[in-house]
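# Overview (structure and organization)
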Amino acid sequence: MADNFDLIVVGGGPGGYVAAIRAAQLKLKVAVVEGKHLGGICLNWGCIPTKALLRSAEIKHLLDHLPDYGFSADNVQVDLKKIVARSRGVANKLAGGIGHLLKKNKVTVYDGYAKLAGGGKLDVTKDGKAVAQLQAPHIILATGARPRQIPGLEVDGTQIISYFEAMVPEVLPKSLLIMGSGAIGIEFASFYNDLGSEVIVVEMLDRILPVEDAEISGLARKSFEKQGIKILTSATVKKAVKGKDSVTVTVEVGGKEQVFTVAQVISAVGIVGNVENLGLEGTKVKVERTHIVVDGFGRTGEPGVYAIGDVAGPPWLAHKASHEGVVCVEAIAGKNPHAFETGNIPGCTYARPQVASVGMTEQKAKEAGYEVKVGRFPFIGNGKAIAMGEPEGLIKTIFDAKTGAMLGAHMIGAEVTELIQGYVIARQLETTEAELMHTVFPHPTISEAMHESVLDAYGQVIHF
Amino acid sequence: MSINILMPALSPTMTEGKLSRWLKKEGDEVKSGDVLAEIETDKATMEVEAVEEGFLAKIVVPDGTEGVAVNAVIGVLTEEKGGAVDAAPVAEKPAPAPKAETAPKAAAPEASGGGEIPTPFKEPTSAKTEEHGERIFASPLARRIAKQSGIDLATVKGSGPNGRIVKADLDEAPAHEAPKEEPKAEAPKAAAPATPKAAGPAIAAPHKKIPNSSMRKVIAKRLLESKQTVPHFYLTVNVELDALLELRAKLNATSPKDGPGAFKLSVNDLIIKACGVALRRHPNVNASWTDEAIIQYDDVDISIAVAIPDGLITPIVRKADALGLAAISNTMKDLGARAKAGKLKPDEYQGGGFSISNLGMFGIAEFSAIINPPQAAILAVGAGEKRAVVKNDQLAIATVMSATLSCDHRVVDGALGAQFLATLKGLLEDPLGLML
Ligand SMILES: Cc1cc2nc3c(=O)[nH]c(=O)nc-3n(C[C@H](O)[C@H](O)[C@H](O)COP(=O)(O)OP(=O)(O)OC[C@H]3O[C@@H](n4cnc5c(N)ncnc54)[C@H](O)[C@@H]3O)c2cc1C
């Protein structure tokens with residue numbers, strides 16, 4: 001006999017567990033099936049443990065600059081084991097909390113892997129053994145994603161590694177080559193560079209952080225290069241020859257080959273969706289480029305089967321997964337939500353400097369046919385940034401010249417990942433430049449630069 | 001110090017009006033209580049009285065200006081003769097205050113930079129009011145786009161939280177804002193797209209343009225909304241009037257010739273009374289739909305459609321079930337006369353739980369009327385005319401009137417409407433019951 005539910009969520013990541021809790025709030029009888037770890041990649045091997053590592057890197061950076069702030073200290077030691085242990089501790093603590101949250105909301109959790117068995121049924125197995133058969137009129141697939149592998153440069157776990165291994169180093173590699181300059185690659189570059197590794201970043205496209213505004217990408221590159229990171233763009237890794245304690249990597253840059261010998265290679269060239277072993281064969285669920293195709297409410301081609309989060313396509317971000325989970329569940333419960341909010345999903349990179357953005361880049365806005373007004377405000381005009389010793393940064397805002405709609409906002413510098421939310425709210429509430437200009441920002445804060453950037457777009461900047 | 005005189009809201013539904021004429025000139029001394037100007041609202045002409053004393057320093061909105069937004073600055077008073085007028089008066093966001101009063105001076109800077117200050121009356125609507133006098137919730141961007149493209153937000157259905165109007169409600173066309181990453185399967189819209197801007201085809205035939213009066217706009221908006229959003233259905237009965245006409249003649253003969261007790265009952269007065277009694281017996285027709293509940297009114301207040309020079313208005317006979325026939329008749333005469341003169345007070349035409357529209361005097365045999373929201377029914381009354389009827393299997397002549405009830409099916413089902421009409425027919429055909 002199958003266990004019956006109103007809704008079953010496959011995968012307990014930020015997409016799945018949030019969807020399940022929302023469903024429970026809406027009085028649905030709901031189950032989550034999770035094969036490995038509640039909290040998904042985000043809490044166990046993604047967002048959270050990397051932020052813990054980057055916090056250590058930031059402190060290391062401050063320690064390196066103690067004299068700037070009036071201190072001196074001898075014999076500062078880096079204990080990599082403790083840094084990693086702290087990161088794991090944070091991840092475990094938060095992931096453990098998910099179990100409690102689900103329990104509190106009366107969500108039934110099944111430990112095992114789920115596979116569609118047709119007719120609203122799911123088979124759950126663990127280590128090859130059947131655990132349960134479940135049935136529900138609605139099934140949400142939130143199975144997430146895993147690192148993409150490049151043929152010939154496959155992850156071996158020791159010399160060519162993925163984010164999993166990069167998050168738990170036993171010794172600090174003397175040198176590293178990172179393939180890919182998206183958020184994940186750049187965060188590892190920043191972390192290892194701050195701790196003292198020699199870092200090379202190789203990016204196929206012509207700039208790093210390619211989804212960001214070109215101007216911000218440029219500033220990020222300058223900043224990283226100043227910190228000693230070597231950056232190669234329009235560059236492809238041709239081959240990697242493994243030696244005993246090193247890897248010799250051949251990179252083609254602008255038609256010429258360059259050879260680097262490094263201790264390790266981190267492969268951060270994107271992800272592929274976990275669409276295998278889900279029983280999708282024979283259903284009307286459509287998979288394109290390893291991702292499940294969905295509409296604005298997570299519906300797949302198969303009635304009663306939905307997909308959210310990383311497995312349903314970019315942007316591959318935890319808050320996007322959660323948002324999709326909530327919208328999908330509310331639609332299932334007949335709540336008439338608005339479709340997924342694709343334009344209002346902020347993206348953050350927690351490197352040093354931080355990068356954060358929401359909405360369209362200047363180039364995209366122009367391509368979309370908007371006449372734009374662009375505002376810029378550099379941190380050197382901001383009192384708090386100077387006081388903090390963080391004078392590097394820029395806030396750029398893009399408005400539709402006709403309606404005053406904020407089309408996009410792009411930031412680089414200290415604390416910007418915490419600041420971007422102000423603009424996200426502005427966009428969600430559909431404010432125009434007028435409301436932003438009349439908003440009072442506290443002094444002294446870096447957020448004042450957000451105000452000034454808007455003022456600058458309309459020729460009214462004060463401090464620059 | 002100068003004091004702004006604001007366009008008053010003479011009724012809760014008023015969002016804009018016409019400033020017909022000023023009764024004071026620039027420089028005139030003004031005492032509290034003086035009539036400053038006349039304003040034509042959607043339904044009536046009203047006088048604007050001064051609340052403050054001083055001198056009318058400046059007339060901002062000249063005579064005959066249409067579409068002046070409520071709370072726009074129409075003039076400026078100064079305390080002293082020739083006193084300085086403070087910096088350009090600008091429209092404040094409509095405050096709830098329904099009276100012409102001192103407004104806090106507020107600069108409403110248009111953020112477009114460049115220091116231009118909008119004239120108060122040409123760029124109104126920073127927050128419009130809805131039909132029921134409520135604020136319209138709309139995002140700032142939606143407001144701006146609506147203003148730029150001439151969309152009346154009151155006609156737009158909001159799909160945001162609690163019905164808030166957002167940008168997507170204004171453009172049916174999918175937002176051209178591309179997602180940050182690669183495209184996904186097209187997202188079906190969650191909510192029905194809102195009323196698009198009706199851009200009629202350009203009219204080429206020789207013509208003249210009659211600008212829409214405030215009343216015309218309100219009629220257009222309310223009746224369109226009613227016909228589009230209220231599920232109407234119609235029930236018609238034929239009523240023999242001979243007994244009623246006989247009674248009416250007898251009663252009228254008893255009226256004193258002149259003086260306070262005089263009356264002259266019309267057929268319509270008897271119909272009003274009959275409807276009043278029938279509504280008291282069928283209170284579920286004297287009702288309104290809301291999403292949460294059906295509202296049943298305690299009083300039987302009947303709106304009577306009255307044709308006036310450039311439209312119509314519906315003054316209300318209150319507690320029609322309890323009033324005597326002479327009282328109904330005299331009330332109706334007074335309301336009708338003042339309606340035609342444009343002198344009704346808002347509370348004399350706002351409200352009511354049921355309407356009657358009578359086109360019998362124009363010889364109309366029968367018609368169906370559009371419900372007057374938020375009411376749930378309206379009775380359309382045709383002419384009483386001699387018709388051949390069959391009585392005891394014999395052809396006979398009777399004075400017959402057709403009456404059609406338009407019902408809001410959300411409130412009044414077919415059987416209920418039919419029972420109400422049966423009661424009404426009984427009262428009209430055997431009118432002695434009305435005397436009780
Ligand atoms: C190094 C790194 C750093 C990141 N940093 C950030 C960041 O700072 N901010 C941010 O927003 N995002 C970040 N991300 C991305 C973020 O982790 C993902 O977008 C997010 O986890 C996606 O959530 P999800 O619920 O779709 O999938 P996941 O979190 O991947 O969860 C899917 C879950 O489903 C389970 N599962 C899979 N198949 C089955 C099955 N058949 N049966 C049962 N269970 C199954 C898996 O075990 C997993 O627990 C980062 C990712 C990485 C790798």
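Before reading further, recall that the structure is shown in the block above.
Right, let's walk through the structure included here. (Residues numbered from 1 in each chain as written. Chains lettered and ligands numbered in written order. Predicted model: local features only at pLDDT ≥ 70, side-chain atom pairs only at ≥ 80, totals over all residues. Heavy atoms only, no water.)

Once that is clear, we can look at the overall build of chain B. Each helix and strand in chain B was counted, giving eight helices and 18 strands. In chain B, which comprises 436 residues, the share counted as buried stands at 44%. Summed over all atoms, the accessible surface of chain B reaches about 22,100 Å², with 56% contributed by carbon and sulfur. (Helix = DSSP H or I, 4+ residues; strand = E, 2+ residues; numbered from the N terminus. Buried < 20%, exposed > 50% of the residue type's maximum accessible area, 1.4 Å probe, protein only. Areas by Shrake-Rupley, 256 points an atom, 1.4 Å probe, with all protein chains shown as cover.)

Residues and elements named next belong to chain A. Surrounding the ligand, one finds 39 residues, the nearest of these being G15, E34, K51, D310 and A318. Within the backbone of P14, one N or O atom sits 3.4 Å away from an oxygen atom of the ligand. Between a nitrogen atom of the ligand and a main-chain N or O atom of A114, the distance comes to 3.0 Å. Here the ligand, which alone exposes 1,000 Å², has 94% of that area covered by the protein. Counting residues per element, the ones that place at least two in the shell around the ligand are β3 (30-34), α2 (40-45), α3 (47-64), β5 (113-118) and α8 (318-332). Tallying contributions element by element places α2 first for the shell around the ligand, with four residues. For the shell around the ligand, a count of residues per class yields 20 nonpolar, 15 polar and four charged. Counting contributing residues, the shell around the ligand receives three or more from each of domain 1 (3-147 + 272-342) and domain 2 (160-269). (Near = heavy atom within 4 Å. Polar contact = N/O pair within 3.5 Å; in protein donor to acceptor, adjacent residues only side chain to side chain. Nonpolar A, V, L, I, M, F, W, Y, C, P; charged D, E, K, R; others polar. Domains from an automatic or database assignment.)

Within the largest apolar cluster, 57 residues are counted, with the highest numbers of intra-cluster contacts made by B:I272, B:I302, B:F354, B:I356 and B:L379. Among the elements that take part in this core, helix α5 (residues 267-281) of chain B stands out by supplying eight residues, more than any other. Non-local contacts of B:I302, meaning those with residues more than four positions away in its chain, are made with B:I272, B:C275, B:G276, B:L279, B:P315, B:I316, B:V317, B:A320, B:F354 and B:I356. Ranked by size, the runner-up nonpolar core spans 32 residues in total, among them A:L54, A:Y163, A:A189 and A:L195. (Core = buried A, V, L, I, M, F, W, Y, C linked by side-chain atoms within 4.5 Å. Contact = heavy atoms within 4.5 Å.)

All names here are of chain A. Enumeration over the complete set of coordinates arrives at 33 salt bridges over all chains. The salt bridge involving D64 is made with K60; its shortest N-O contact spans 3.0 Å. One end of the pair, D64, and the other, K60, are both in helix α3, four residues apart, so they sit about a helical turn from each other. Look at D64 and you get partly exposed, because its relative accessible area is 46%. In this structure, the salt-bridge partner of K320 is E324, at a minimum N-O distance of 3.2 Å. Here E324 and K320 lie together in helix α8, a separation of four residues that amounts to about one turn. Comparing K320 with E324 shows no difference in burial state: the two are buried. Connected through salt bridges with shared partners, the residues D213, E215, E362, K366, R376 and K396 form a single ionic network. (Salt bridge = Lys/Arg side-chain N within 4 Å of Asp/Glu carboxyl O.)

Residue and element names in this part refer to chain A. The N-to-C vectors of α3 and helix α4 (residues 80-104) enclose an angle of 145°; their axes lie 8 Å apart at closest approach. α3 and α4 meet at a crossing whose hand is right-handed. Contacts between α3 and α4 involve I48, P49, A52, L53, R55 and S56 from the first element and I83, V84, R86, S87, R88, V90, A91 and L94 from the second. Tallied by class, the residues present in the contact of α3 with α4 amount to nine nonpolar, two polar and three charged. (Axes fitted to C-alpha atoms, helices over the stretch in contact; angles between N-to-C directions. Left-handed = near helix turned anticlockwise from the far one by under 90°.)

Next up on the list: the environment of A:Y192. Residues and elements named next belong to chain A. With respect to the element layout, Y192 can be found in helix α6 (residues 183-195). Residue classification places Y192 among the buried residues on the basis of a relative accessible area of 1%. In this structure, the C-alpha to C-alpha distance between Y192 and L172, residues 20 residues apart in sequence, is 7.9 Å. Setting aside residues up to four positions removed in sequence, Y192 forms contacts with A166, P169, L172, P173, L176, S197, V199 and I266.

This paragraph deals with the side chain of A:K320. With relative accessibility at 0%, the residue A:K320 sits in the buried group. Within the structure, A:K320 has its side chain in polar contact with the backbone oxygen of A:G309 (distance 3.0 Å).

Here we take up the sheet that holds strand β12 (residues 302-304) of chain B. Residues and elements named next belong to chain B. Ordered by their spatial adjacency, six strands build an open sheet running β9-β18-β17-β16-β12-β15, and the pairing between neighbours is mixed. Of all the strands in the sheet, the pair left with one neighbour each is β9 (232-240) and β15 (316-317). Two elements, β12 and strand β16 (residues 354-358), share three bridges in a ladder whose sense is parallel. Note on β16: the bridge partner recorded for I304 is I356. Relative to the sheet, helix α8 (residues 414-429) contacts β9, β16, β17 (377-391) and β18 (394-408), its axis offset from that of β9 by approximately 20°. (Pairing = 2+ DSSP bridges.)

Fair warning: the whole summary comes from geometry, so function is off the table for now.
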